[in-house]
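Structural characterization, general
Each chain, letter by letter, is given below.
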Amino acid sequence: LEPAAAAWGLPQAFVGFCLLPIVGNAAEHSTAIVCAYKQKMDLALGVALGSSTQIALFVIPVMVVIGWVIQQPLDLFFGPFPTAVTFLSTNLVFMVVQNGETNWLEGAMLLFSYAIICFSFLFY
């Protein structure tokens, strides 16, 4: 990740928080978009949120354990800015999905908030 970020002239935080999740979860994103287009919103929401939950609760802890086994330190200590961004974006998604229905304005709000987060990590 570091050589690619250096070759492109991008900060590692931007690549790790913005580009890597988009590329790494492209299949889930396309599935959620197709399900939403076919008016199967519960399935689209389940795919989108299930992917994030799987990464947060399974993949990251497993990677920490694997790093411990191969003696490559990988801790879950993030700085205050990435922690605050993660906390606030999690709360924003919770507020949008808690009532079980959504509209185009909430979707636009989520897209613009993601753009703001990516823009802030570009200069972080």
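For the structure itself, look to the data block above.
Just so it is clear, the structure is predicted and the values come from calculations on it, not from any experiment. (Residues numbered from 1 in each chain as written. Predicted model: local features only at pLDDT ≥ 70, side-chain atom pairs only at ≥ 80, totals over all residues. Heavy atoms only, no water.)

On to the overall build of the protein chain, then. If you tally the helices and strands in the protein chain, you get six helices and zero strands. When the elements of the protein chain are put in sequence order from the N terminus, they spell out α-α-α-α-α-α. Along the three orthogonal principal directions, the C-alpha set of the protein chain runs to about 45 × 30 × 25 Å. Counting all 124 residues of the protein chain, 15% fall into the buried class. Look at the contacts in the protein chain between residues 6 or more apart in sequence, and 50% of them connect residues 24 or more apart. Accessible area for the protein chain stands at about 9,400 Å²; split by element, carbon and sulfur atoms hold 74% of it. (Helix = DSSP H or I, 4+ residues; strand = E, 2+ residues; numbered from the N terminus. Buried < 20%, exposed > 50% of the residue type's maximum accessible area, 1.4 Å probe, protein only. Contact = heavy atoms within 4.5 Å. Areas by Shrake-Rupley, 256 points an atom, 1.4 Å probe, with all protein chains shown as cover.)

Right, let's get into unusual backbone geometry. Look at Gln39: it is not a glycine, yet its phi comes out positive at around 65°. Tracing the chain through its elements places Gln39 in the loop between helix H3 (26-37) and helix H4 (41-69). A relative accessible area of 65% places Gln39 in the exposed class. Of note in the backbone geometry, Gln71 takes a positive phi value of approximately 60° without being a glycine. Along the chain, Gln71 falls in the loop between H4 and helix H5 (80-97).

On to the environment of Cys18. With respect to the helices and strands, the residue Cys18 is situated in helix H2 (residues 12-24). Residue classification places Cys18 among the buried residues on the basis of a relative accessible area of 1%. A sequence separation of 100 residues divides Cys18 from Cys118, and the C-alpha atoms of the two residues are 5.7 Å apart. The residues contacting Cys18, other than those within four sequence positions of it, are Ala13, Tyr114, Ile117, Cys118 and Phe121.

Turning our eyes to something else, we now look at the packing of H5 against helix H6 (residues 104-122). One way to put it is that H5 packs onto H6 with a least axis distance of 11 Å and a crossing angle of 175°. Comparing their axes, H6 and H5 come out roughly antiparallel. Contact residues: Phe81, Pro82, Val85, Ser89, Leu92, Val93 and Val96 in H5; Glu106, Met109, Leu110, Ser113, Ile117, Ser120 and Phe121 in H6. Residues of the contact of H5 with H6, tallied by class, amount to 10 nonpolar, three polar and one charged. (Axes fitted to C-alpha atoms, helices over the stretch in contact; angles between N-to-C directions. Parallel < 35°, antiparallel > 145°, perpendicular 65-115°, else oblique. Nonpolar A, V, L, I, M, F, W, Y, C, P; charged D, E, K, R; others polar.)

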